[in-house]
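Commentary on secondary and tertiary structure
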Amino acid sequence: MTEGRPMAAASPSLWERDAEIAAVREAVDELRGGRASSGTLLEYRGEAGLGKTALLAETRRIAEAAGCTVWSARGGETLSSVPFNVVRQLLQPALVSMYPEEVRAYLGDWYDIAGPALGITEPGEGRADPQGVVDGLVAAVRRFAGREWPLVLLIDDVHWADQETLHWLASLARQLDETAVLVVLARRPGEPADEESARHLDTATAAGRSLAPLSALTPEATAGLTRATLGEYADAAFCREVWAVTDGNPYNTVELLAKVEDSELDPVEAHAGDLRTLNNSARGGGLVARLEQLGIDATRFAWAAAILGTGITIDMVASLSTLDRTAATRCANLLCGARILTEREGPSGRPPGDELEFVHPIIATAVYNSIPGGLRTAMHGIAAQLVTDSGLGAAAASRHLLQVHPDDDQEVVAQLRDAAREHLAVGAPDAARRCLERALREPPDPGCHARVLYELGCATLLTAPAVTVGHLRAALAVGGLDREERADAVFRLSQALLHNDQLEEAVRTVADEAARTEDPAVRLRLQAAQYMWEGVHAGQTSSPDRSARLADLAATCTGRDNAERALLILRGFDAMIHGESAEEVAEVCDRALVNGRLAPGLGWTDSEWGLELPMMLASAYAYTDRLDRAETLFNEALRAYESAGWSGGHLALAHAYVGLGHRRRGRLKEAERSLRESLRIAERVGRRLPLYWSATCNLIDTLLARGHVKEAREVADQYGFAPPYPSTIVLPDPHAVRGRLLLATGRTEEGVAELEAAERASTAPGRQNPVLVPWAVDLARALAATDPARAARLASDARLRAERLGTDTAIGEALRCAAALESGQRAVRLAAQAVTYLEASPCQYEYAAARVEYGLLTGSAADLRQGLDLALSCGADGLAARARRALDALRVAG
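Residues numbered from 1 in each chain as written. Predicted model: local features only at pLDDT ≥ 70, side-chain atom pairs only at ≥ 80, totals over all residues. Heavy atoms only, no water.

Focus on the overall build of the chain
A tally of regular secondary structure across the chain gives 44 helices and seven strands. Taken along the three principal axes of its C-alpha coordinates, the chain extends 110 × 75 × 50 Å. With 894 residues in all, the chain has 57% of them scored as buried. Summarising the internal contacts of the chain: among those between residues at least 6 apart in sequence, 67% fall at separations of at least 24. Of the roughly 35700 Å² that the chain leaves accessible, carbon and sulfur atoms contribute 50%. (Helix = DSSP H or I, 4+ residues; strand = E, 2+ residues; numbered from the N terminus. Buried < 20%, exposed > 50% of the residue type's maximum accessible area, 1.4 Å probe, protein only. Contact = heavy atoms within 4.5 Å. Areas by Shrake-Rupley, 256 points an atom, 1.4 Å probe, with all protein chains shown as cover.)

Structure below.
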């Protein structure tokens, strides 16, 4: 395009934007293709003033003309610390227009999770899971997409959006294939500076449709725009100077031409030299000088508006700038006439209200930066008080308090602590962290200094374990925590060390504090924590007599309180790991329950003990053939986390363990679905964490059981399933699973080496449960041809361990292995015994495998058909194919 003009209704800033407008029209047409259509994300990227805002306005015009519902929001440079600010701008107006009961019915289960983040309901007492809140907001958009179809969401200056909004945007973008909504963003390159926000924004835009970055206007387009604005008689020299002065920046060009009109300057070569002066008055220092020419009251009004950033009403600005209502109204009119402020347009084209906004972010930034430093700080302090007095809460005032100079003001400390609690309650831990870090700079008085550090450590526990360690250690060193707070701080410190892969330090931390404390109840809790961290360590961190000491301690416990119940769970898990009698394991675990259920305070979402204890309890049941109890606990975990809106690591683990339950039961298709969902969620949390290993290891184990060896190898390659393994226990043993994978892919020598590594890794800590650590039977089969003597010893040892454990599954699997090493009638007898045990086992895949193997040994079509039916019901495609081949061979032979 050269001097062709955009349509008359369009902004002058749309010159040379044909490609972008065409992309919008295409996206709107696709959206209107049907309610089941996929969503789309478009991004306008360019430096300030290149017409991004004008393109969003044109997008609105096009979409509304096509019958779309359009909602819009804008990020702000001074508002990026306000959690959920931008997503609230988008969604809140539609929700507040509904009756409360209508909103509750509309959001359903997500109401209590996403409602507080949207500001439509009060938050609960505890902490909200950030990923759960984000998922609730995505669910709200998906429901709106159906209700308001076709729905278009516009976000201007998205690079200044708050981190929580960008997290939501990234999650929404990943689900646009199934969400009929058009999202259009405008952003500057190179921002935001915050690493986490930048990651979320890049994730969102990577899922969208790529558009070329916006470029400056060409000299020809600038000439066309100049003549369209000033008249066709504007000569070529004047037009060239307009382009040279503005560098082809559309916003600066429009502002300059407006100044030319205001000054009644003839657009001819003789006056071209005046353009640079006029341009300087329209931007930067010139803009500030122009503002000052409007008078001191108008300047104060503009400063106050820049301080507020959002919610700019005449009354709020009047209070902050100490102007009466009449003077404030006059100033607002002056600033609107000077194209500094404008009335904010209501949602979906509704009439403007009392709220104002700056005409352009460039102006807002220039005005804010023009406020003298000391005055700006003081005005933020006044604004914080105004927001508080307005009843908007400590969280709303906190962004202003963050800008106030530290002054040993304990009221500010209290407000920031209150704000942090509010931020945590709506799922914004990073905002809580900023508030508490600022409170420490005030600083807090000695009486609450340790508590602020403790609260800061709790706020960062899930997001930054390494930082948490420092905060909690400082809280403990400062002193000032009461007995229960100190015990909780030590426990949380050990949790942070665990999540930071410092398990040995976690064990030492609770052990040292247990030895130091004189309170028996506190000591018992810390001892339980010590045994818990030692129990989940994949290596050997404790003394050789640890299990005996734990057994002696648990023997004195009746389950009268949660500390005793915790010790009973730990004892049951330890006994299961070591392959002790399954009957005794179940008896100990049952004593830890109250009427067959988890005790209050030991539930999946209770924070005092964490999720490790119920996971240990459920795992102890799962690997001792008490699958009914294990699956009840796993499913309770899933329901608890989904109801609470916990969509991060906790939910990933819940899906992984539900998948484990399906795998043990022999429901392999269901197991695969749960485990893939676990990996999908874990991917959002971060790789190489223990939860990631649990999902990956179980998925590979399930795929191998299904006979999907190629897919298992692909999963292993994709997710880095290889040494080094994590320091925490992974169920089942990753060495054994990887060894089985290597054998299945024909890498026999490597597979044997991996299984031998499994032997070494399990022998030192005495992990002898043959179902949990099945290396022996796999290694025996692998060595049958090359080292039959060693294979026989391994099979014999596996049978002894299985008989010690005493479960039908363990004994049946050991007999299957023994049968595979024998021939003739001895093999048949062992295989028949394996079938008998595994028929009584709850593990149907293993029973199916035993039936097929027995049929192969005896040539029994009946056993092969039964094995085939079992394999098909389990989803064991490879085993089913093996049975079919054997049946076909029998038919041919017969």
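More follows now that the structure is in view.
As for the sheet that holds strand β7 (residues 355-358)
Strand order in the open sheet formed by three strands is β5-β7-β6, with antiparallel pairing between adjacent strands. Looking at the sheet topology across the chains shown, the edges are occupied by β5 (312-313) and β6 (341-343). Each of β5, β6 and β7 is contacted by helix α14 (residues 296-308), which is oriented at about 90° to β7, the strand it contacts most. (Pairing = 2+ DSSP bridges. Axes fitted to C-alpha atoms, helices over the stretch in contact; angles between N-to-C directions.)

Let's talk about the nonpolar core
W533, L570, W609, L613, I700 and W775 are the most contacted members of the largest nonpolar core, which totals 159 residues. When neighbours within four sequence positions are excluded, W533 is seen to be in contact with F491, S494, Q495, L498, L503, A506, V507, V510 and E612. (Core = buried A, V, L, I, M, F, W, Y, C linked by side-chain atoms within 4.5 Å.)

Focus on the environment of L256
You can see L256 is positioned in helix α11 (residues 250-263). Overall, the relative accessible area of 0% leaves L256 in the buried class. Residues in contact with L256, not counting those within four places in the same chain, are V242, V245, T246, L275, L278 and N279.

Description of the pattern of salt bridges
All chains considered together, the criterion is met by 63 salt bridges. Put simply, D202 and R187 hold a salt bridge, and the shortest N to O gap is 3.7 Å. Here D202, found in helix α8 (residues 195-206), pairs with R187, found in strand β4 (residues 181-187); they are 15 residues apart in sequence, far enough to count as distant. Taking the relative accessible area as the measure of exposure, R187 reaches 3% and is therefore buried. With a closest N to O distance of 2.8 Å, R434 and D430 form a salt bridge. In this pair, R434 and D430 are both assigned in helix α21 (residues 429-441), four residues apart and thus about one turn of the helix distant. In this structure D430 comes out as buried when scored by relative accessible area, which is 18%. Among the charged side chains, a network of salt bridges with common partners joins R663, D701, R740, D778 and E846. (Salt bridge = Lys/Arg side-chain N within 4 Å of Asp/Glu carboxyl O.)

Concerning helix α42 (residues 844-858)
Taking 1.5 Å as the rise per residue, α42 with 15 residues should run 21 Å; its terminal C-alpha atoms sit 21 Å apart, in good agreement. For α42, the buried fraction is high: eleven of the 15 residues fall into the buried class. Listed in full, the buried residues belonging to α42 are Y845, E846, Y847, A848, A849, A850, R851, V852, E853, Y854 and G855. Backbone geometry just downstream of α42 places G859 in the positive-phi region, at approximately 70°. (Expected span 1.5 Å × (residues − 1).)

Observations concerning the pairing of strand β1 (residues 40-45)
Summarising burial for β1: five of the six residues are buried, a large majority. As paired elements, β1 and β4 share six bridges and run parallel to each other. Along β4, the bridge assignment pairs L41 with V183.

Here we look at the packing of aromatic side chains
Any aromatic ring pair is given by two values, namely how distant the centres are and how the planes are angled relative to each other. Applying the stated criterion to the full structure yields eight aromatic pairs. Taken together, a centroid distance of 5.4 Å and an interplanar angle of 45° make the contact between F634 and Y657 tilted. With F634 in helix α31 (residues 627-644) and Y657 in helix α32 (residues 649-665), this residue pair connects regions lying 23 residues apart in the sequence. For the pair shown, F634 and Y657 are each scored as buried. Judged by centre distance (5.5 Å) and plane angle (80°), the rings of W693 and Y725 are edge-to-face. Of this pair, W693 sits in helix α34 (residues 690-706) while Y725 sits in the loop between α35 (709-718) and α36 (734-744), and the two are 32 residues apart along the sequence. Both residues of the pair, W693 and Y725, belong to the buried class. (Phe/Tyr/Trp six-rings, centres within 6.5 Å; stacked < 30°, edge-to-face > 60°.)

Thoughts on the sheet that holds strand β2 (residues 69-74)
Spatial ordering of the open sheet is given by β1-β4-β3-β2, a layout of four strands whose pairing is parallel. Whereas interior strands pair on both sides, the edge strands pair on one side only; in this sheet they are β1 and β2. Direction aside, neighbouring strands of the sheet carry axes that sit 15° apart on average. Contacting β2 and β3 (151-156), helix α3 (residues 85-96) crosses the sheet at an angle of about 145° to β2.

Observations regarding the side chain of T165
Residue position: T165 is located in helix α7 (residues 163-174). Not counting chain neighbours up to four residues away, the residues in contact with T165 comprise F84, N85, V86 and V87.

Describing the confidence of the model for the chain
Averaged over every residue, the pLDDT of the chain is 88; residues scoring 70 or more account for 95%. Low pLDDT (under 50) marks residues 1-10, which in the prediction has 23 contacts with non-local residues, meaning those over four places away or in another chain. Contacts of residues 347-353 to residues separated by more than four positions or lying in other chains number 17 contacts, the stretch itself having pLDDT below 50. (pLDDT = per-residue confidence, 0-100.)

Let's talk about the pairing of β7
One ladder, built from two bridges, connects β5 with β7; its direction is antiparallel. Looking across to β7, one finds that T313 is bridged to E355.

Structural notes on helix α40 (residues 808-821)
Relative to the 20 Å expected for 14 residues at 1.5 Å per residue, α40 spans 20 Å between its end C-alpha atoms, a close match to the ideal helical length. Summarising burial for α40: ten of the 14 residues are buried, a large majority. Burial in α40 covers these residues: T809, A810, I811, G812, A814, L815, R816, C817, A818 and A819. In the core, the buried residues of α40 are packed alongside α32, α38 (775-783), α39 (788-805), α41 (824-840) and α42.

Here we look at the packing of helix α26 (residues 520-536) against helix α28 (residues 562-577)
Interhelical geometry of α26 versus α28 gives an angle of 20° and a closest axis separation of 9 Å. As the angle between them shows, α26 and α28 are arranged roughly parallel. Crossing of α26 over α28 shows left-handed handedness. Every residue of α28 that contacts α26 at L524, R525, A528, Y531, M532 and G535 is listed here: A563, E564, A566, L567, L570 and F573. (Parallel < 35°, antiparallel > 145°, perpendicular 65-115°, else oblique. Left-handed = near helix turned anticlockwise from the far one by under 90°.)

What about the state of the cysteines?
When the sulfur atoms of two cysteines share a covalent bond, that bond is a disulfide. Applying the stated criterion across every chain, the model contains zero disulfides. This cysteine, C817, is not joined by any disulfide, and C843 carries the nearest cysteine sulfur, 17 Å off. (Disulfide = S-S within 2.5 Å.)

Some words on unusual backbone geometry
Residue P150 follows W149 across a cis peptide bond; omega there is -10°. Position of P150 relative to the elements: it lies in the loop between α6 (130-147) and β3. A cis amide bond links P723 with the next residue in sequence, P724, at an omega value of 0°. Position of P724 among the secondary structure elements: in the loop between α35 and α36. Positive phi values are uncommon outside glycine, yet E16 reaches one of about 60°. Assignment of secondary structure puts E16 in the segment before α1 (18-31). The backbone of F84 shows a phi angle near 60°, a positive value even though the residue is not glycine. Tracing the sequence through the fold places F84 in the loop between β2 and α3.

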